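Chain residues, written in single-letter form:
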Amino acid sequence: MNYTVLIIIILIYLTVIAYLGYRGYTASKSSSDYMLAGRNTHPFIMAMSYGATFISTSAIVGFGGVASLYGMSLMWLCFANIFVGIFIAFVFYGKRTRLMGLNLDAHTFPELMGRRFDSRFIQLFAGLMIFIFMPIYAAAVLIGAARIIESFLGVPYELSVLVFSVLVGGYVIMGGLRSVMYSDAIQGSLIFIGMITLLIYTYTKLGGVFEAHSSLTQLANAIPENIKNSGVFSWTSSPQTGSSLWWVIYSSLVLGVGLGVLSQPQLAVRFMTVKSNKELNRAVAIGALFIFATVGTTYLVGPLSNVFFFEKYGHIAFEAAGKNLDRVIPVFIGETMPIWFVYLFMMVILSAAMSTLSSQYHAIGTAISRDIIEYGIFKKKKIKETTIVLLTRCGILVSLIVTIILSLELGGGIIARATAIFFGLMASCFLAPYTLLLFWKKITAKGAISGILGGFFVSLFCFLFLHGKEAGVFGLCKALTGSETLLPGMWAVVDPIVFALPASALLTFFVSLFTSVHNENTVEKAFKGIIQEKY
Amino acid sequence: MSKYGDLSVILAILFSLISLVLCIVYGALNWNKGGNISPEEAQKEQSWDKEEAHISAEL
């Protein structure tokens, strides 16, 4: 690898990002600019920003590695990402979120929920959830980027974490959401080109689609014994129904991430950045193409990398990557792709990490300034516009520091799990109240609070006492009962979302049914223009 | 199970492609729809423009 060429490419890339950061800075005059990009974003920029925020190093590096070991059944997550994450999200959630956000003058996801119910508690709790738990997801993204920089450039992991996060934090602090979305559009385009190239190159090298899948099917004997015992007998088939890996794939990954996307604060806020439904209609097509090109490629190439490694070295991708799932895709790219693609992929990964990380920093920063400090602590007292923007910048700085610390503390192979935890937790707490507040006038503040707290505490109980991976780490269940989890066998691998989301939905619905709406005027204001909306 | 994979995986790939086509067709059919802004929205935007001009003057 020619490091001089690579460093020149990276410097050009960073110069473009710095310029876009400056453009965002000069165009951001008010908190509405800083938090919502002035609500007049171009549909291409909005779609690419949504996609590039959605798809991070977690998806490409983390889930690609997981797919290499668990097989192509992860394509169900690709289906969920397109059908739920784009079609349902934009057509049914996006249009109402945009108009309701406009009617209520909401600038953040917690503020939308808080204003819809005239509830400071909901806004404060949602802001705190973002502030406390989103850094775990941000750390997963940062780890993915740092591992790539470490693999390709030989820069020590700790230094990679520090430099990369400061670079991203710099342009977010400077230009707010405008800078984030401008750079997302460039980064999304790079990701799209890189991933399409990877898909075509992989299939070409393996002799075409049918030949590649046939070769992978024939590798069934190479699957490690522990994976076979967990239910995966072929990389081109679904795990045995009810097996532990069947539950991991379908409850944690497909359900947790596939549904969880609907209640992601950093994605929901994108709907509030466009001027009309026309932009959302156009973004549906652009976003779906982007998602298919990225996650489709990842979940197909991950398993197919086994064919490469087996033909070349006689062992599978997991072993070629030193038994670290987060290294499968980087090693696969480094070993099999031409040098020009390694340079391109380096840019793809930098873009995927930057676009998601910048949105996470922005979401955490606005949660601290707008939802926790301005509305939670100062109780809507009139704060100067300049102070709000300054508070948001300080909030982003705090999120940056917390994320760096977490990235240095978390262990290997954590990327996909940390992402699934955050997506699942947000869905468990907010998906039911968020869905009902958009579509049902009779939902009450008490119902929403019951659903949010119910989802949170059921999730917490599952993490501490039921779900093996987290319960084992916390050790509380073992200390109290002597066993790692309360329920034996399969129950230890069922994701908390399976229990928490229905609990949250039932609580929200039934408590709303037996309590009355106390803010009819706000409800009418929120739904103004929505009922007669042309879909 | 065929040599290209079992029905579940083939369906997952097929449904992903169908969803992609659905989104593209939806986007194409509605490409120029939904651009009308209600008078209330336009009024709201105007009031925000004034507010932002005031803020900028303050800054």
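Procedures and definitions
- Residues numbered from 1 in each chain as written.
- Chains lettered and ligands numbered in written order.
- Predicted model: local features only at pLDDT ≥ 70, side-chain atom pairs only at ≥ 80, totals over all residues.
- Helix = DSSP H or I, 4+ residues; strand = E, 2+ residues; numbered from the N terminus.
- Buried ≥ 20, exposed ≤ 12 C-beta atoms within 10 Å, placed from the backbone.
- Contact = placed C-beta atoms within 7 Å.
- Expected span 1.5 Å × (residues − 1).
- Bend = angle between axes of the 7 residues up to and from the residue.
- Core = buried A, V, L, I, M, F, W, Y, C linked by C-beta atoms within 7 Å.
- Axes fitted to C-alpha atoms, helices over the stretch in contact; angles between N-to-C directions.
- Parallel < 35°, antiparallel > 145°, perpendicular 65-115°, else oblique.
- Left-handed = near helix turned anticlockwise from the far one by under 90°.
- Nonpolar A, V, L, I, M, F, W, Y, C, P; charged D, E, K, R; others polar.
- pLDDT = per-residue confidence, 0-100.

### Here's the deal with the overall build of chain A
Right, on to step 1. Tallying secondary structure elements over chain A gives 23 helices and 0 strands in all.
Right, on to step 2. Per-residue burial over chain A gives 60% buried out of 535 residues.
Right, on to step 3. Taking as baseline every contact in chain A between residues at least 6 positions apart, the subset at least 24 positions apart corresponds to 81%.

### Points about the overall build of chain B
Right, on to step 1. From N to C terminus, chain B includes 2 helices and 0 strands.
Right, on to step 2. Classification of the 59 residues of chain B by burial places 15% in the buried group.

### Notes on helix H4 (residues 57-70) of chain A
Residues and elements named next belong to chain A.
Right, on to step 1. Over its 14 residues, H4 extends 18 Å from the first C-alpha to the last, a length consistent with the 20 Å expected when each residue adds 1.5 Å.
Right, on to step 2. At Phe63, H4 shows its maximal kink, close to 30°.
Right, on to step 3. The buried count for H4 comes to 14 of 14 residues, which makes it a mostly enclosed element.
Right, on to step 4. Just past H4, the residue Gly71 takes up positive phi, approximately 95°.

### A look at the nonpolar core
Residues and elements named next belong to chain A.
Right, on to step 1. Among the nonpolar cores identified, the biggest contains 187 residues, and Leu74 and Leu142 are the most heavily contacted of them.
Right, on to step 2. Counting residues per element, this core draws most heavily on helix H13 (residues 277-313), at 19 residues.
Right, on to step 3. Contacts of Leu74, omitting those with residues within four sequence positions, involve Phe63, Ala67, Ile249, Leu253 and Tyr299.

### A look at the packing of helix H5 (residues 75-103) of chain A against helix H1 (residues 7-29) of chain B
Right, on to step 1. It is at 8 Å that the axes of H5 of chain A and H1 of chain B come closest, and there the two elements cross at 25°. Relative to H1 of chain B, the element H5 of chain A is oriented roughly parallel. Here H5 of chain A and H1 of chain B pass one another in a crossing that is left-handed. Contacts between H5 of chain A and H1 of chain B involve Met75, Trp76, Cys78, Phe79, Ile82, Phe83, Ile86, Phe87 and Val91 of chain A from the first element and Val9, Ala12, Ile13, Phe15, Ser16, Ser19, Leu20, Leu22, Cys23 and Tyr26 of chain B from the second.
Right, on to step 2. Looking at the contact of H5 of chain A with H1 of chain B, its residues break down into 17 nonpolar, 2 polar and no charged.

### Here we look at helix H3 (residues 43-54) of chain A
Right, on to step 1. With 12 residues, H3 of chain A should cover 16 Å at 1.5 Å per step; its first-to-last C-alpha distance of 16 Å lies within 8% of that length.
Right, on to step 2. The set of residues buried in H3 of chain A consists of Pro43, Ile45, Met46, Ala47, Met48, Ser49, Tyr50, Gly51, Ala52, Thr53 and Phe54 of chain A.

### A word on unusual backbone geometry
Residues and elements named next belong to chain A.
Right, on to step 1. Backbone geometry at Asp105 places phi at a positive 55°, although glycine is not the residue there.
Right, on to step 2. As for its position among the elements, Asp105 is in the loop between H5 and helix H6 (109-116).
Right, on to step 3. Owing to 13 C-beta atoms within 10 Å, Asp105 belongs among the partly exposed residues under this scheme.
Right, on to step 4. A positive phi angle, near 50°, is found at Asp118, a position not held by glycine.

### Things to note about the environment of Ile227 of chain A
All names here are of chain A.
Right, on to step 1. As for its placement among the helices and strands, Ile227 is situated in helix H10 (residues 225-229).
Right, on to step 2. Look at Ile227 and you get partly exposed, because 18 C-beta atoms sit within 10 Å.
Right, on to step 3. The sequence separation of Ile227 and Leu69 amounts to 158 residues, and the corresponding C-alpha distance is 7.8 Å.
Right, on to step 4. Filtering out sequence-adjacent residues up to four positions away, Ile227 remains in contact with Leu69 and Val232.

### Quick notes on the environment of Val389 of chain A
Residues and elements named next belong to chain A.
Right, on to step 1. Within the secondary structure, Val389 is located in helix H17 (residues 385-409).
Right, on to step 2. By the C-beta count within 10 Å, which is 20 here, Val389 ends up buried.
Right, on to step 3. Taking the C-alpha atoms as reference points, Val389 and Gly365, 24 residues apart in sequence, are found 9.9 Å from one another.

### Observations regarding the confidence of the model for chain A
Residues shown with low pLDDT carry predicted positions that ought not to be read at fine detail.
Right, on to step 1. Looking at chain A, pLDDT values average 83 and 92% of them are 70 or higher.
Right, on to step 2. When pLDDT is averaged over each helix and strand of chain A, the minimum, 61, is found for helix H2 (residues 31-36) of chain A and the maximum, 93, for helix H22 (residues 497-513) of chain A.

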